[in-house]
Amino acid sequence: MIPPDLATLLERSGLKPLLLCGRTLLPILQGGMGVGVSAHRLAGSVAAEGAVGTLSSVDLRRHHPDLMERTRGLGVGPAAKAAIDAANLEALEREVHAARRLSQGRGLLAMNVMRAVSDYVAYVKRSLQAGIDAIVVGAGLPLDLPDLASDHPTTALVPILSDARGVQLVLRKWERKKRMPDAVVLEHPRLAGGHLGAARVEDLNDPRFEFERVIPETLAVLRAAGIEKHTPIIAAGGIRSFDDVKRVVALGASAVQLGTPFAVTTECDAHPEFKRVLAEAREEDKIEFVSVAGLPARAVATPWLKAYLRAEPRLQAVAQVKQRCTKAFDCLAQCGLRDGKVGWGQFCIDQQLAAALKGDVKRGLFFTGRGALPFGAQIRSVRELLMRLLGGDAVAVAPEPQLLCHAP
């Protein structure tokens, strides 16, 4: 499953491979990033190197011109939402198959599905039908995931959580369904990008999230459940170097997950301007706020985000329930803008993330994690990033020719 040169580098690093789904993998996962940031090209390229590549399920139609044309000018209402949902499910299946071709049977392919999205159940089921190797769920507790995957016993089910209490709750609920997690991602809210696993922005620095505490506590929870040896812990958030990997592995993690460093690779599915914004962002340019999903989030302080945060008090003061989503998509099960939730974000997250995907610096929302990137402001390849994380010297190599558009 791992190319020979990377397998040699892994052996020299002193790290152990990740065992998941009966496969021997590099102990590195590429995190799911939407809208469309981690689609087939990134996920397939990561898997081709023997690691775990992850697609993000949300609004993948944006990589397919025919599906975008099909859903253009629909207006609003149930019929429009149904058409957009159908297009996204078709795009999801296309992306899984394209990633599979690109991976050439190596590594492992996962689908990240936010529990908070309105079409969560359909995304999970279509991913399973398309033959995805693993389902990774964050932005909410996936207590019903074993039921949704009951006909797919060999697909890995991986919840993303941030503290041992959340892990304990999931184990207790899943045990009743006769299925336990195949791995657990522990995501540090103070360091990760995008939506964060804390109730409030003020909670991001809570000591219970520190890897030095949460990894041993989670190991104890897994041990009490009798599944410690069969359930790898994957540390996520702020992992940027070989030393970071060694540190969390020494604490008891089996692997690491990274988002932003993979977002700035040549293979990432986003526009070059998207990559530039993330690569050049300084730590002081990264800010936390409350998303329309009601969760703390972290992003680059671009012109749109700074303007929104200045206007937020006024927008919060006039927040009210709307009859329907003004963009027809209804992407979230609960939306601060649509549902008039005071204290939640008051903007359309799909539109802002889609603008970022296209490299629109003025209008885009650019999620990012904390920490200096492995190659600074340089855009390098997936292979070079994996080499750097395994303790090897990432030498410059000519990237393989990349498709400029997504084929159906």
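J.: I'd like to hear about the overall build of the protein chain, residue by residue, with values.
T.: When you go through the protein chain residue by residue, the secondary structure sums to 15 helices and 13 strands. Scaling as 2.2 N^0.38, a compact globule of 408 residues should have a C-alpha radius of gyration of about 22 Å, and the protein chain matches this with 20 Å. By principal-axis analysis of the C-alpha atoms, the protein chain measures approximately 55 × 50 × 45 Å. Out of the 408 residues belonging to the protein chain, those deemed buried represent 59%. Pairs at least 24 residues apart make up 66% of the contacts formed inside the protein chain by residues separated by at least 6 positions. Taken together, the 52 basic and 44 acidic charged side chains of the protein chain have centroids lying 3 Å from each other.

J.: Give me helix H15 (residues 382-389): which residues, what numbers.
T.: H15 sits mainly inside the fold: six of its eight residues count as buried. Along H15, the residues that are buried comprise Val382, Glu384, Leu385, Leu386, Met387 and Leu389. Residues of H15 that are buried sit in contact with helix H1 (4-13), strand E3 (28-30), helix H2 (40-48), helix H9 (242-251), strand E11 (255-258) and helix H10 (260-263).

J.: Could you give me a rundown of the confidence of the model for the protein chain, with the residues and numbers involved?
T.: With 95% of its residues at a pLDDT of 70 or more, the protein chain shows a mean pLDDT of 92. Counting contacts from residues 395-408, a segment whose pLDDT is below 50, to residues more than four positions away or on other chains yields 21 contacts.

J.: Run through unusual backbone geometry, naming residues and quoting values.
T.: In this chain, Gly34 is followed by Val35 through a cis amide linkage whose omega measures 0°. With a phi close to 55°, Cys21 is a non-glycine residue in the positive phi region. With respect to the helices and strands, the residue Cys21 is situated in the loop between strand E1 (18-20) and strand E2 (23-25).

J.: Which residues make up the environment of Lys173, and what are the values?
T.: Along the chain, the position of Lys173 falls in helix H7 (residues 164-175). You can call Lys173 partly exposed: its relative accessible area is 29%. Separated by 37 residues in the primary sequence, Lys173 and Val136 place their C-alpha atoms 17 Å from one another.

J.: Give a detailed account of the environment of Val300, specifying residues and quantitative values.
T.: Within the fold, Val300 resides in strand E13 (residues 296-300). We classify Val300 as buried; its relative accessible area is 6%. Distance from Val300 to Glu284, taken between C-alpha atoms, is 9.1 Å for residues 16 residues apart in sequence.

J.: Could you give me a rundown of empty space enclosed by the protein, with the residues and numbers involved?
T.: Under the criterion given, the structure shown has two cavities of 30 Å³ or more. Looking at the largest cavity, its volume works out to about 50 Å³. The wall of the largest cavity is formed by Pro261, Val264, Thr265, Leu373, Pro374, Phe375, Gly376, Gln378, Arg380, Ser381 and Leu385. Looking at the lining of the largest cavity residue by residue, the class counts come to six nonpolar, four polar and one charged. Within this model, the second largest cavity holds a volume of roughly 30 Å³. In this structure, the second largest cavity is lined by Val58, Asp85, Val117, Ser118, Asp119, Tyr123, Phe329 and Cys331. Partitioned by chemical class, the residues of the lining of the second largest cavity number five nonpolar, one polar and two charged.

J.: Residue-level account of the packing of H7 against helix H8 (residues 211-224), with values.
T.: Remark: H7 packs on H8, axes separated minimally by 9 Å, with the N-to-C direction vectors making an angle of 20°. The angle between H7 and H8 places the two elements in the roughly parallel class. Judged by the sense of rotation from one axis to the other, the crossing of H7 with H8 is right-handed. Across from Ala164, Val167, Gln168 and Leu171 in H7, the residues of H8 making contact are Val214, Glu217, Thr218, Val221 and Leu222. Across the contact of H7 with H8, the residue classes break down as six nonpolar, two polar and one charged.

J.: Run through the pairing of strand E8 (residues 184-187), naming residues and quoting values.
T.: Of the two faces of E8, the one carrying Val184 and Leu186 and the one carrying Val185 and Glu187 are both buried. Where strand E7 (residues 156-161) meets E8, two bridges bridge the pair, whose relative direction is parallel. Note on E8: the bridge partner recorded for Ile160 is Val185. In this fold, E7 hands off to H7, which returns the chain to E8; that crossover is right-handed. Pairing geometry for E8 and strand E10 (residues 233-236), over four bridges, is parallel. Bridge assignment links Val184 to a residue of E10, and that residue is Ile233.

J.: Give me the lowdown on the pattern of salt bridges, citing residues and values where you can.
T.: Scanning all chains against the criterion turns up 34 salt bridges. The shortest N-O distance in the salt bridge between Lys81 and Asp85 comes to 3.0 Å. On the criterion of helical spacing, the pair formed by Lys81 and Asp85 is a turn pair, its members being four residues apart in helix H4 (residues 78-103). A single burial state applies to Lys81 and to Asp85, both of which are buried. Here Arg282 ties to Glu284 by a salt bridge, and the two come within 3.6 Å at their closest N and O atoms. Taking relative accessible area as the criterion, Glu284 reaches 55% and is therefore assigned exposed. Sharing partners across several salt bridges, the network here consists of Glu283, Lys286, Glu288, Arg298 and Arg370.

How each quantity is defined
Residues numbered from 1 in each chain as written. Predicted model: local features only at pLDDT ≥ 70, side-chain atom pairs only at ≥ 80, totals over all residues. Heavy atoms only, no water. Helix = DSSP H or I, 4+ residues; strand = E, 2+ residues; numbered from the N terminus. Rg over C-alpha atoms; globule rule 2.2 N^0.38 Å. Buried < 20%, exposed > 50% of the residue type's maximum accessible area, 1.4 Å probe, protein only. Contact = heavy atoms within 4.5 Å. Lys, Arg positive; Asp, Glu negative; His and termini not counted. Charge placed at Lys NZ, Arg CZ, Asp CG, Glu CD. pLDDT = per-residue confidence, 0-100. 1 Å grid on protein atoms, 1.4 Å probe; cavity = no way out; pocket = protein on both sides within 12 Å on 5 of 7 lines; lining within 4 Å. Points joined across faces, edges and corners; volume = space filled by probe spheres on them. Nonpolar A, V, L, I, M, F, W, Y, C, P; charged D, E, K, R; others polar. Axes fitted to C-alpha atoms, helices over the stretch in contact; angles between N-to-C directions. Parallel < 35°, antiparallel > 145°, perpendicular 65-115°, else oblique. Left-handed = near helix turned anticlockwise from the far one by under 90°. Pairing = 2+ DSSP bridges. Right-handed = clockwise from strand over helix to strand, strands pointing away. Salt bridge = Lys/Arg side-chain N within 4 Å of Asp/Glu carboxyl O.

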